[in-house]
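Commentary on secondary and tertiary structure
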Amino acid sequence: MSQARILGCLACLAVLLWAGACSPGQPASGEQPAASSTEYQDLVDLFRDWREFQKPEMVGGVPDYTSQAMAEQQRQLADYRARLEAIDPASWTVPQQVDYKLVEAEMNGMDFDHRVRRPWERNPAFYTLFHASRSDVPAHEGPVAYPPIEVWMYDYPLSDEEAAQLEGRFRSIPALLEQARGNLTGDGRDLWMGGIRTMAGQSRGMQAYAQRVADHPQLAEAVQAASQAVDDFTSWLQEQLPHKRGPSGVGKDNYTWYLQKVHLVPYTWQEEVTLMRRALARSHASLRLEEHRNRNLPPIKVISSAQEYDRRSNRSVDRYMTFLREQEIITIRDDMDPALRARLGSFQPEEERGFFSHVIHRSPLAFRPHMHHWIELAKMDNDPHPNPVRRQPLLYNIFDGRSEGLATGVEEWFMHAGLLEGDPRSREMVWIMMAQRAARAIAGLHLHSNDWSIDEACEFASKWTPRGFMPADSDTCLFEQHLY
């Protein structure tokens, strides 16, 4: 059995053992109902109904996130919990039992949203609908309003039918933002400030998109009107900001509950802090050792032109795919190479580079494993899971352990497996990326415990990210702390 298969089996075993150890959510009545079904198909039927139920009601083409609608959704959630608890999975296969745990975890996610997170009430960024590009994970990270406008899914130029469909979607945005003014009663200052930044980005993206679809005048006009509504909403958020003085984090106990009951991660808030501090120390110590070993080598060569960027980026895909194939790391599929080449990015002047661009412009190969995101998404697109529970992205970011965890983990795994042999300076980039992830995680954990503000979190994350690659006021730092 190959090392990769062993690692995969161990990871699956850990998830299954934890899934078996997690206790199910408490029934709404406080009493465990007697199981009325042992049929797996009943879980599949429940899952289908559940996925429809979790969407907000649409009123005049606008999702209803008012307090009354959310209270009713929370009330009906108890009915779905009761249906799940009436199913006994004890005699099922292990994969089917895991499906049961996943459905339960999604219901716990909605429960957490209603009891604690309440994004429709606390987080202005929740009301972003326009998405110009695909996320590198199965669904959008963080809570977003339904249904998102995924303009990247269309082929351009648009057909008249597609343009009309999108026009209707954009014309719903002003009404949703008007509703949001009544829904947003939260007091979390950092969430509010992050929402202002997010909405400003929404407006810029819409303005650019209006130019892109100028050959469909009615659609372009609808996009411009939506952009103006976003600007007006942003002004309203800015007017309200001086009155927002409360914390934005969920607190340690709630964070632990969310980890264990929604993401099925067997840690507490404090244990995650300990793990991340250990990772931060290990990454900095390892970086210093790499730098010492490389002290007599010339500095790493930084990409300085668009031509060099394209050449070195494509060469990194060549080397990466050869490595995966020759070392028998994973099964090679025909869609992997094009998935990676479609996401190479482009050359950026130094003053415009964020943290990850600094890494990429020094070593495209060191960053290439992280783009495993797109290999995973290509598999989802071209070889969908036969199981209906796993065929579509899990709700509430439950997929993050597989998606972000794997894409980040393989950076170091593949380095140790030999990907960067003969390229010692690139090894330094791997440790720098690990340090940045550990630092941002510690910062985010202290944001959620309400010990730090977002400014303090960014100061910490910046301080412990090597070589000044991530200033505290950079878009990368502020975006990541707001997102997580």
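Everything below is about the structure printed above this text.
**Things to note about the overall build of the protein chain**
Helix and strand counts for the protein chain stand at 20 helices and four strands. For 484 residues, the compact-globule formula gives about 23 Å, and the C-alpha radius of gyration of the protein chain, at 24 Å, lands near that figure. Taken along the three principal axes of its C-alpha coordinates, the protein chain extends 70 × 60 × 50 Å. For the protein chain, the residues scored as buried account for 50% of the 484 residues in total. Partitioning the intrachain contacts of the protein chain with sequence separation of at least 6 by distance along the chain shows that 76% fall at a separation of at least 24. Once the 52 positive and 67 negative side-chain charges of the protein chain are each reduced to a mean point, those two points are 6 Å apart.

**Digging into helix α11 (residues 269-293)**
Its 25 residues place the ends of α11 36 Å apart at the C-alpha level, agreeing with the 36 Å of an ideal helix rising 1.5 Å per residue. Within α11, the full set of buried residues consists of Trp269, Glu272, Val273, Ala279, Leu280, Ser283, His284, Ser286, Leu287 and Glu290. Taken together, the buried residues of α11 touch α10 (252-261), α18 (424-448) and α19 (454-463).

**Here we look at the state of the cysteines**
Every disulfide links exactly two cysteines, by a covalent bond between their sulfur atoms. Applying the stated criterion across every chain yields a total of zero disulfides. Note on cysteine 458: no disulfide assigned, nearest cysteine sulfur contributed by cysteine 477 at a separation of 3.1 Å.

**Examining the packing of aromatic side chains**
Scanning all chains against the criterion turns up 24 aromatic pairs. Between tryptophan 192 and tryptophan 236, the aromatic rings sit 5.8 Å apart at their centres with planes inclined by 50 degrees, giving tilted as the arrangement. Separated by 44 residues along the polypeptide, tryptophan 192 in helix α8 (residues 189-212) and tryptophan 236 in helix α9 (residues 217-240) bring together distant segments of the chain. Tryptophan 192 gets classed as buried once you look at its relative accessible area, which sits at 0%. The rings of Tyr65, Trp120, Phe126 and Tyr127 are connected pair by pair, giving a single aromatic cluster. The residue whose ring lies beneath arginine 212 is tyrosine 156, and the NZ or CZ to ring-centre distance is 3.8 Å.

**Quick notes on α19**
In an α-helix there are 3.6 residues to a turn, and that puts residues three or four apart on one side. Among the residues making up α19, those that are buried are Ile454, Ala457, Cys458, Phe460, Ala461 and Ser462. Taken together, the buried residues of α19 touch α8, α11, α18 and α20 (475-483).

**Some thoughts on the pattern of salt bridges**
Applying the stated criterion across every chain, the model contains 33 salt bridges. Residues aspartate 318 and arginine 341 are paired through a salt bridge, measuring 2.4 Å at the closest nitrogen-oxygen approach. Here aspartate 318 is found in helix α12 (residues 306-326), whereas its partner arginine 341 is found in helix α13 (residues 336-341), with 23 residues between them in sequence. When its relative accessible area of 40% is taken as the criterion, aspartate 318 is described as partly exposed. Under the relative-accessibility criterion, arginine 341 is labelled partly exposed at 26%. Of the charged contacts in the structure, one is a salt bridge between arginine 341 and aspartate 337, with a shortest N-O distance of 2.6 Å. With arginine 341 and aspartate 337 both in helix α13, this residue pair falls four residues apart, about one helical turn.

Each value, and the rule that gives it
- Residues numbered from 1 in each chain as written.
- Predicted model: local features only at pLDDT ≥ 70, side-chain atom pairs only at ≥ 80, totals over all residues.
- Heavy atoms only, no water.
- Helix = DSSP H or I, 4+ residues; strand = E, 2+ residues; numbered from the N terminus.
- Rg over C-alpha atoms; globule rule 2.2 N^0.38 Å.
- Buried < 20%, exposed > 50% of the residue type's maximum accessible area, 1.4 Å probe, protein only.
- Contact = heavy atoms within 4.5 Å.
- Lys, Arg positive; Asp, Glu negative; His and termini not counted.
- Charge placed at Lys NZ, Arg CZ, Asp CG, Glu CD.
- Expected span 1.5 Å × (residues − 1).
- Disulfide = S-S within 2.5 Å.
- Phe/Tyr/Trp six-rings, centres within 6.5 Å; stacked < 30°, edge-to-face > 60°.
- Lys NZ or Arg CZ within 6 Å of the ring centre and 35° of its normal.
- Salt bridge = Lys/Arg side-chain N within 4 Å of Asp/Glu carboxyl O.

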